[in-house]
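# Observations on the three-dimensional arrangement
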Amino acid sequence: MQDVNAIRLILPAVAGLSAALIAYGAAYVRGDLGGVMQYLRARGALRRLEANGAAQEQLAARSALRELGQQVGDPALAARLLPLELLAGLLVAVLVWRLFARQLSTGPRPDIQERMVERLAHRLGGRFTLADLNRSSPLNDEQARVVTTRLLEQGRLTRSGDTFELVPRRAGAGHPTP
């Protein structure tokens, strides 16, 4: 359970910091993705020139790259919008925290467990035992007993000793197909 608590703290923090960093990056370039791509192409061209050893063209390309970087980037705007960027990160962190908390509080859904048991039964030819269910599914002994009991009560399974068998479905019986 402590692993879940650690993940519950780390995941929203990482998501929030990532969102804040993305917002900072977007503000830094004023949302100009085309300008960023142009800068990256110019930087790639400069690296190719450096690899080829063309000294005169390198100076011109380095100067053009510096100018392009000053046109695309706006560190002052990004700094002024820092509270907004951090607020966006906090909002994402809270949303992830709530989503994670909701997933933990709802617990296992019975309909999902029932479908899991039915699919396993179909894979095993319509017959299975609790040992098969424990070996081939994430359900523990208690969950497997509860689910099979529920399916027996609903008439979707029959029991013969230790073996459970799927009841064939009739068309329009009201049960969704797996």
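Refer to the structure above for everything that follows.
Right, let's walk through the structure included here. (Residues numbered from 1 in each chain as written. Predicted model: local features only at pLDDT ≥ 70, side-chain atom pairs only at ≥ 80, totals over all residues. Heavy atoms only, no water.)

## Thoughts on the nonpolar core
In this structure, Val117, Phe128, Leu133 and Leu157 are the most contacted members of the largest nonpolar core, which totals 13 residues. Elements supplying a minimum of two residues to this core: helix H6 (110-123), helix H7 (130-136), helix H8 (141-153) and strand S3 (163-166). For Val117, the contacting residues outside a window of four places in its chain are Phe128, Leu133, Leu139, Val147 and Leu151. (Core = buried A, V, L, I, M, F, W, Y, C linked by side-chain atoms within 4.5 Å. Buried < 20%, exposed > 50% of the residue type's maximum accessible area, 1.4 Å probe, protein only. Helix = DSSP H or I, 4+ residues; strand = E, 2+ residues; numbered from the N terminus. Contact = heavy atoms within 4.5 Å.)

## What about the pairing of strand S2 (residues 157-160)?
Across four bridges, S2 lies against S3 in antiparallel orientation. Within the sheet, the bridge partner assigned to Arg159 lies in S3 and is Phe164. Where S2 hands over to S3, the hairpin turn is made up of two residues, of which Gly161 adopts a positive phi near 70 degrees. (Pairing = 2+ DSSP bridges.)

## Side note on the pairing of S3
A regular strand places its side chains so that they alternate between the two faces of the sheet. Only one face of S3 is covered, namely the one carrying Phe164 and Leu166; the face carrying Thr163 and Glu165 has none of its residues buried. Pairing geometry for strand S1 (residues 127-129) and S3, over three bridges, is antiparallel. Note that in S3 the partner of Thr129 across the bridge is Thr163.

## Quick word on a nonpolar patch on the surface
A contiguous nonpolar surface patch, about 460 Å² in accessible area, is contributed by Leu21, Tyr24, Tyr28, Leu82 and Leu86. At the level of secondary structure, the elements contributing two or more residues to the nonpolar patch comprise helix H1 (2-28) and helix H5 (82-106). Among the elements that make up the nonpolar patch, the one with the highest residue count is H1 (three residues). (Patch = residues over 30% accessible without salt bridge, like charges linked within 9 Å, V, L, I, M, F, W, Y side chains within 5 Å. Areas by Shrake-Rupley, 256 points an atom, 1.4 Å probe, with all protein chains shown as cover. Salt bridge = Lys/Arg side-chain N within 4 Å of Asp/Glu carboxyl O.)

## A look at the sheet that holds S3
Here we have three strands laid out as an open sheet, ordered S1-S3-S2, and antiparallel in their pairing. Each edge of the open sheet carries a strand with a single partner, namely S1 and S2. Sheet twist, expressed as the average angle between the axes of neighbouring strands with direction ignored, equals 30 degrees. Against the sheet, H8 touches S1, S2 and S3, its axis set at about 110 degrees to S2. (Axes fitted to C-alpha atoms, helices over the stretch in contact; angles between N-to-C directions.)

## Comments concerning the packing of aromatic side chains
In this description, an aromatic ring pair is defined by two values, namely the gap between the centres and the angle between the planes. Applying the stated rule across the entire model yields two aromatic pairs. Pairing Tyr24 with Tyr28 gives two aromatic rings, centres 6.1 Å apart and planes at 40 degrees, and the pair type is tilted. With Tyr24 and Tyr28 both in helix H1 and four residues apart, the pair spans about one turn of that helix. Of the residues examined, Tyr24 reaches a relative accessible area of 31% and is grouped as partly exposed. (Phe/Tyr/Trp six-rings, centres within 6.5 Å; stacked < 30°, edge-to-face > 60°.)

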